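# Observations on the three-dimensional arrangement
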Amino acid sequence: LDYEAAISVAKELVHLRQTQQTALLLISHEPHLAKLVMDKDKTSDNQTVEIKARSNDEKDVPAAAKSTQKPSMFGTSFRDRFLERLMDYTLYSLPLIALAFSATGLAIAMLSADLLQRLDINDQVLDLVDKEVRPLIKMLTGEEANTLQMMGIRFKVNSMLNTTVPPAKATLFAVGLTKLFVLEVGPLLTALLLCGRIGGSYAGKVGTMQATSQNKLLRTLGVNPQYWTLWPSLMAALIASPLLTVLGTAIAL
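Below is a summary of the structure that appears in this document. Bear in mind that the values here come from a model prediction, so they are computed numbers and not experimental data. (Residues numbered from 1 in each chain as written. Predicted model: local features only at pLDDT ≥ 70, side-chain atom pairs only at ≥ 80, totals over all residues. Heavy atoms only, no water.)

A word on the environment of V223. Along the polypeptide, V223 turns up in the loop between α8 (214–220) and α9 (225–252). Residue V223 is classed as partly exposed on the basis of its relative accessible area of 26%. Non-local contacts of V223, meaning those with residues more than four positions away in its chain, are made with L218 and W228. (Helix = DSSP H or I, 4+ residues; strand = E, 2+ residues; numbered from the N terminus. Buried < 20%, exposed > 50% of the residue type's maximum accessible area, 1.4 Å probe, protein only. Contact = heavy atoms within 4.5 Å.)

Quick look at the side chain of T229 now. When you line up the elements, T229 lands in helix α9. Classification of T229 by relative accessible area gives buried; the value is 10%. Beyond its immediate sequence surroundings of up to four residues, T229 is in contact with Y202, V206 and M209.

In the structure shown here, the tally under the stated rule is four salt bridges. Notably, a salt bridge pairs D88 with R85, separated by 3.6 Å at the nearest N-O pair. Remark: R85 and D88 occur in helix α4 (residues 78–90); sequence separation between them is three residues, near one turn of the helix. What makes D88 buried here is its relative accessible area of 9%. Close ionic contact of D114 with R118 constitutes a salt bridge, the shortest N to O distance being 2.9 Å. Taken as a pair, D114 and R118 lie in helix α5 (residues 94–118) at a separation of four residues, close to a single helical turn. In this structure, a network of salt bridges that share partners links the residues R85, D88 and R197. (Salt bridge = Lys/Arg side-chain N within 4 Å of Asp/Glu carboxyl O.)

A word on the environment of M235. Within the secondary structure layout, M235 lies in helix α9. Placed 224 residues apart in sequence, M235 and K11 show a C-alpha to C-alpha distance of 45 Å. Ignoring anything within four residues of it in the chain, the contact list for M235 reads F78 and F82.

So, about a nonpolar patch on the surface. A cluster of nonpolar residues, Y227, W231, L234, L238, I239 and L243, forms a patch on the protein surface that exposes about 580 Å² of accessible area. Looking at where L238 falls in the secondary structure, it is placed in helix α9. (Patch = residues over 30% accessible without salt bridge, like charges linked within 9 Å, V, L, I, M, F, W, Y side chains within 5 Å. Areas by Shrake-Rupley, 256 points an atom, 1.4 Å probe, with all protein chains shown as cover.)

What follows is the structure, encoded as structure tokens:
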């Protein structure tokens, strides 16, 4: 408040104490205004406690005070709020991401492996050999291919298929799962999980601030509530999302 408005509020508080005999717990960082409210000539039962900032010299602080002081991990700067949100969105979401990606990776891997195992192309290839190779032998030799020749050709082709198909299936399995998680499932699953995780955390934070009038206090202090809550959370989410996507995809693979 400006000085004139502050003086007016202080006088109204004094008037309230005189007329209504109201007890007040006044917390102020401006002693000259507090003295107006706690004027001994106009009011009674005044008790004033002055709290001073701790000295930088640790020797001035009693040992008992040192043992009980527990400073907050984060301050009030934009950087502190950003780091707090980043830790919340990244570290606290990591177990959820790990479990979800592990379950999804196992499910998709088992389904893909079962489909590839059921896929048998030997019979189709052998039927194609019978259909295409027999006329080719007749065209080259002028004679019909006998049963022994066809059995030898089928045996050779079947042996080649048994040698080349399993590695090809393994390669297809690895490449398919990698592309599936890197390009589609990984970002989609992370987005779905973080929508609930970050959305719930941010909504709870803003709802608590609104219910306790912290947003009004920020506006009174000349601070935009969006700058105080939205931008640190948005920047933290932009950094946490790709990090969690990479970690989750690695776990799944």
